[in-house]
Each structure stands twice: as C-alpha cells, then as structure tokens.
Amino acid sequence: DAGVIQSPRHEVTEMGQEVTLRCKPISGHDYLFWYRQTMMRGLELLIYFNNNVPIDDSGMPEDRFSAKMPNASFSTLKIQPSEPRDSAVYFCASSQTGTGSQPQHFGDGTRLSIL
Amino acid sequence: AQKVTQAQTEISVVEKEDVTLDCVYETRDTTYYLFWYKQPPSGELVFLIRRNSFDEQNEISGRYSWNFQKSTSSFNFTITASQVVDSAVYFCALSEAGTGFQKLVFGTGTRLLVSP
C-alpha cells in the first residue's frame, strides 16, 4: 500500500520566494496533518484537516503560512514570502477515523532551506 | 496542558546491550493515548506503538517492549539485544480527549546510537 507521499523531498530557494509543499495522504484516511521539525522547537503541529476542512490552525506561525486541502487526496502548505527562519523539515501525516486516537502515518518529509 | 518529557537526549550502547528509553507525560485528562515513533537517519517517522490510558498491560513485540505505568505517568520503551539498525531518534507522543485525540504532542526525542 502506498504511504503518505510528499513532494518535493528537498527544496532550496531564496528568501522572499513563494514555496509550495505538497502532500497526498493514504487513501481512505480522513485526517491530514502538517508538522514542522526544527532543532530548536522539535516537532510542532501546524494545522490539521478532517474531511478536507481545516479544524485547527493554531500552530501556523504567521500569515505567511497557508494550507489548503481541495480534495481528499491532496493538500498544500504554502509559504509566501519565505524567510530563512522557515528552514526546517516539513512533514505531512494522515490518519483515519476510529476509536480514540488513531496512529498518524507520516510522509518522508520535505527538507526546506531558505537562503 | 499536555506535555511529554524525554529527559535522555542521547544514549550510546554497544550492540547486544539492552537499553531503556524514558518517557514521562503530563495531562489533566483521564482518557488519553501514548505513542512511540522512530526516526531513523533517513529522516522518516515510523509509528511503533499506541497505548490508551485504560490499558496498562505491558506489550512486547520482538525485541521491543513497552512499560506503561499510570502511577508514575511513564511510558518507557526497552530494546533488548540492541542492533546497529536500532540507531535512530525515538519520540514519545501524547494525545488527549480534551483536544479530540487528534493533536499529538511530541517529546524532544532520544537519540540512540548503537555501535558494533
């Protein structure tokens, strides 16, 4: 079975540019999560969706960050304009509805470097 | 507020040694879930185990075992006869009823280095 698929795996861009990260969740999973991992702050939840609807975006650092989920099989995380402090590994994860808390399955991550 | 503490930043062992990774959590909820994830050097996060707050039975899966003790708010992870392939960062995480079980709070991770 295909896992969570993220693209690109690596992105290097200059400060001020728009960055778009993409995610395809596991088929049948109705929750989708975006995380950011840095040395300083560890793993942080940015936003999550249920059935394509954003439920909690309290972790989104600022207005430069936005996320969408136009359908059940695709989500994007956009940073505009990007800044060097946005450099991190961004993970997408998905899970399915079930009793209590279901395991979240993570993609391989996108390593983002803003110069 | 929910919080997960992994006090061990890094552990180094020699192959075949047993090693225990500690995890202490804080929550006000009586219903919650605990998780362990593995992040190998390649960078992906791999789910290992889920445990709910009503199930204090210890679990064993091959060389891996987990000890859940509500009395000490701990969910420790033991690897028996460690192998080089166990080298990774291990994260403990918590979700609670108060946040609809969907928000995972991660500890800072423990880096395990197993040398031959």
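Since the structure is predicted, the reported quantities are computational estimates derived from the model, not experimental observations.

## A short note on the packing of aromatic side chains
Ring pairs (aromatic) are described by centroid distance and by the angle formed between their planes. Counted according to the given criterion, the structure contains 23 aromatic pairs over all chains. A ring pair is formed by Phe 77 of chain B and Tyr 90 of chain B, whose centres lie 5.5 Å apart and whose planes are at 65°; its orientation type is edge-to-face. Of the two residues, Phe 77 of chain B sits in strand β9 (residues 74-79) while Tyr 90 of chain B sits in strand β10 (residues 88-96), which places them 13 residues apart along the sequence. Using a relative accessible area of 0% as the deciding quantity, one classes Phe 77 of chain B as buried. Here Tyr 90 of chain B falls in the buried class, since its relative accessible area comes to 0%. A connected cluster of aromatic rings, assembled from ring pairs, spans Tyr 31, Phe 33, Tyr 35, Tyr 48, Phe 91 and Phe 106 of chain A together with Phe 35, Tyr 37, Phe 47, Phe 91 and Phe 106 of chain B.

## Re the side chain of Gln 6 of chain B
All names here are of chain B. Along the chain, Gln 6 falls in the loop between β1 (3-5) and β2 (10-14). Judged by its relative accessible area of 4%, Gln 6 falls in the buried class. A polar contact of 2.9 Å, which involves the side chain of Gln 6, links it to the backbone oxygen of Tyr 90. The contact partners of Gln 6, leaving out residues within four places of it in the chain, are Asp 22, Trp 36, Tyr 90, Phe 91, Cys 92, Gly 107, Thr 108, Gly 109 and Thr 110.

## Thoughts on the interface of chain A and chain B
Note on interface size: it is often stated as the accessible area lost on association of the parts. Contact residues are listed per partner, giving 21 residues for chain A and 18 residues for chain B. For the pair chain A and chain B, the summed buried surface comes to about 1600 Å²; carbon and sulfur atoms form 55% of the total. Broken down residue by residue, the surface that chain A buries against chain B is led by Leu 43, Ser 101 and Phe 106 of chain A, which jointly contribute 32%. At the junction of chain A and chain B, the tally comes to four residue pairs in polar contact (both at pLDDT 80 or more). Among the secondary structure elements, those contributing two or more residues to the side of chain A that touches chain B are β4 (31-38), β5 (42-50) and β9 (88-95) of chain A. Top contributing element to the side of chain A that touches chain B by residue count: β4 of chain A, with four residues.

Parameters and conventions
- Residues numbered from 1 in each chain as written.
- Chains lettered and ligands numbered in written order.
- Predicted model: local features only at pLDDT ≥ 70, side-chain atom pairs only at ≥ 80, totals over all residues.
- Heavy atoms only, no water.
- Phe/Tyr/Trp six-rings, centres within 6.5 Å; stacked < 30°, edge-to-face > 60°.
- Helix = DSSP H or I, 4+ residues; strand = E, 2+ residues; numbered from the N terminus.
- Buried < 20%, exposed > 50% of the residue type's maximum accessible area, 1.4 Å probe, protein only.
- Polar contact = N/O pair within 3.5 Å; in protein donor to acceptor, adjacent residues only side chain to side chain.
- Contact = heavy atoms within 4.5 Å.
- Buried area = accessible area lost by both parts, 1.4 Å probe.

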